[in-house]
Amino acid sequence: MQLDALFRIAGKTALVTGGSRGLGLFVADGFVRAGVKVYISSRKAEVCDKVAAELSQHGECVSLPADLSRHDEVLRLASELRAREAKLDILVNNAGATWGAPIEDFPEIGWDRVMDLNVKSVFFLTQQLLPLLRAAGTAEDPARVVNIGSVAGLHAYGSGTTFSYNASKAALHHLTRTLAARLAADHVNVNAIAPGPFATKMMAYALDDEEHRAEIERSIPQGRIGQPADMLGLAGFLCSPASAYITGVVVPLDGGATGCQ
């Protein structure tokens, strides 16, 4: 097989949740340009529609807005996709939320909203789309589920305030391994990416402050925050024939902050 063919994803169909901004947008944009038919979903319909129209200038992108923190919306999104497609090659579970508060004041709503979106919705959306994923997967080129976790799910930060976020990402990593073990025989590979700092809205509170940004960069062996190409490169690999024999792994994407400790 030619090397370039090992990394080719053109002609596939993908759903990227949280695809209208941040890490999800990095992936959706790159996939569209690579010849993938991409459905993007996000909570705000007008934003989702606008981004899909912009990405469609470079390929095929379809907006399917949904508030995935609600179970009924998870079911609706899956139903709409099943009505449109006979198979789904790639599911990128990227939609997520965070909540920060001191431990003495952390509210129940800050726990439930984060867990519902970051963990519960991932399981049930994957569950509901299994018929399409199973229809797409083969032994040579399985269907792919890529869950977007976080280095916050790999390390404990004693000074942090994002208790439910960190716990949700650790849970998502283990859910990834559990799903991978169950679905391997169905030719569905399930892996996770654990990104470190990237220039997204979720990280703006830290990276917009020059001193804080410099401190974060100094903590990373490569001395910089992640770039869109870093995210796209790993996601593209995990969805390409080159990774057909890889499932059940959580890959840190953090410039060496995890591996070099």
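Preceding this paragraph is the structure being described.
Because the structure is predicted, anything quoted here is derived from the model rather than measured.

Details of the overall build of the protein chain
Point 1. A tally of regular secondary structure across the protein chain gives ten helices and seven strands.
Point 2. Taking 2.2 N^0.38 as the reference for a compact globule, 261 residues should give roughly 18 Å; the C-alpha atoms of the protein chain span a radius of gyration of 18 Å, in line with that estimate.
Point 3. Structurally, the protein chain occupies a C-alpha span of about 50 × 40 × 40 Å along its principal axes.
Point 4. Per-residue burial for the protein chain yields a buried fraction of 48% across its 261 residues.
Point 5. Considering only contacts within the protein chain whose residues lie at least 6 apart along the sequence, 71% involve residues at least 24 apart.
Point 6. Carbon and sulfur atoms make up 54% of the accessible area of the protein chain, which amounts to about 12300 Å² in all.
Point 7. Computing the positive centroid from 24 side-chain charges and the negative centroid from 28, the protein chain places the two 6 Å apart.

Some words on the nonpolar core
Point 1. In terms of nonpolar packing, the biggest core is built from 32 residues, with Leu15, Leu125, Leu129 and Leu133 touching the most fellow members.
Point 2. When contributions to this core are tallied by element, the ones reaching two or more residues are helix 4 (71-84), helix 5 (108-128), helix 6 (130-136), strand 5 (143-148), helix 7 (163-183) and strand 6 (188-195).
Point 3. Excluding its chain neighbours within four sequence positions, the residues that come into contact with leucine 15 are Tyr39, Ser41, Leu77, Leu81, Leu88, Ile90, Leu91, Val92, Leu125 and Leu129.
Point 4. Ranked by size, the runner-up nonpolar core spans 29 residues in total, among them Val16, Phe26, Ala52 and Leu55.

Concerning the side chain of serine 20
Point 1. With respect to the helices, strands and loops of the structure, serine 20 is situated in the loop between strand 1 (13-17) and helix 2 (22-33).
Point 2. Separated by 3.2 Å, the side chains of serine 20 and serine 42 make a polar contact.

Considerations on the sheet that holds strand 3 (residues 61-63)
Point 1. The seven strands lie next to each other as 3-2-1-4-5-6-7, forming an open sheet whose pairing is parallel. The sheet is open, and its two edges are formed by strand 3 and strand 7 (250-253), each paired on a single side. Each strand of the sheet is rotated relative to its neighbour by a mean of 20°, with strand direction disregarded.
Point 2. Across three bridges, strand 2 (residues 37-41) lies against strand 3 in parallel orientation. Counted as the bridge partner of tyrosine 39 is valine 62 from strand 3.

Some remarks on a negative patch on the surface
Point 1. Judged by side-chain charge, Asp208, Asp209, Glu210, Glu211 and Glu215 come together as a negatively charged surface patch.
Point 2. The residue aspartate 209 is located in the loop between helix 8 (204-207) and helix 9 (210-218) in this model.

A look at the pattern of salt bridges
Point 1. Applying the stated criterion across every chain yields a total of 15 salt bridges.
Point 2. For arginine 182, the salt bridge identified is with aspartate 186, shortest N-O distance 3.4 Å.
Point 3. Here arginine 213 ties to glutamate 217 by a salt bridge, and the two come within 3.2 Å at their closest N and O atoms. In this pair, arginine 213 and glutamate 217 are both assigned in helix 9, four residues apart and thus about one turn of the helix distant.
Point 4. Classification of glutamate 217 as partly exposed rests on a relative accessible area of 22%.

With respect to helix 3 (residues 45-55)
Point 1. Within helix 3, the full set of buried residues consists of Cys48, Val51, Ala52 and Leu55. Taken around the axis of helix 3, the buried residues stretch over an arc of 100°, which confines them to a single face. Within helix 3, the exposed residues directed more than 90 degrees away from the buried face are Glu46 and Lys50.
Point 2. Close packing links the buried residues of helix 3 with helix 2, strand 2 and strand 3.

Cut-offs used in this document
- Residues numbered from 1 in each chain as written.
- Predicted model: local features only at pLDDT ≥ 70, side-chain atom pairs only at ≥ 80, totals over all residues.
- Heavy atoms only, no water.
- Helix = DSSP H or I, 4+ residues; strand = E, 2+ residues; numbered from the N terminus.
- Rg over C-alpha atoms; globule rule 2.2 N^0.38 Å.
- Buried < 20%, exposed > 50% of the residue type's maximum accessible area, 1.4 Å probe, protein only.
- Contact = heavy atoms within 4.5 Å.
- Areas by Shrake-Rupley, 256 points an atom, 1.4 Å probe, with all protein chains shown as cover.
- Lys, Arg positive; Asp, Glu negative; His and termini not counted.
- Charge placed at Lys NZ, Arg CZ, Asp CG, Glu CD.
- Core = buried A, V, L, I, M, F, W, Y, C linked by side-chain atoms within 4.5 Å.
- Polar contact = N/O pair within 3.5 Å; in protein donor to acceptor, adjacent residues only side chain to side chain.
- Pairing = 2+ DSSP bridges.
- Axes fitted to C-alpha atoms, helices over the stretch in contact; angles between N-to-C directions.
- Patch = residues over 30% accessible without salt bridge, like charges linked within 9 Å, V, L, I, M, F, W, Y side chains within 5 Å.
- Salt bridge = Lys/Arg side-chain N within 4 Å of Asp/Glu carboxyl O.
- Arc of directions from axis to C-beta.

Remember that the coordinates give geometry; whether it matters functionally is a separate question.
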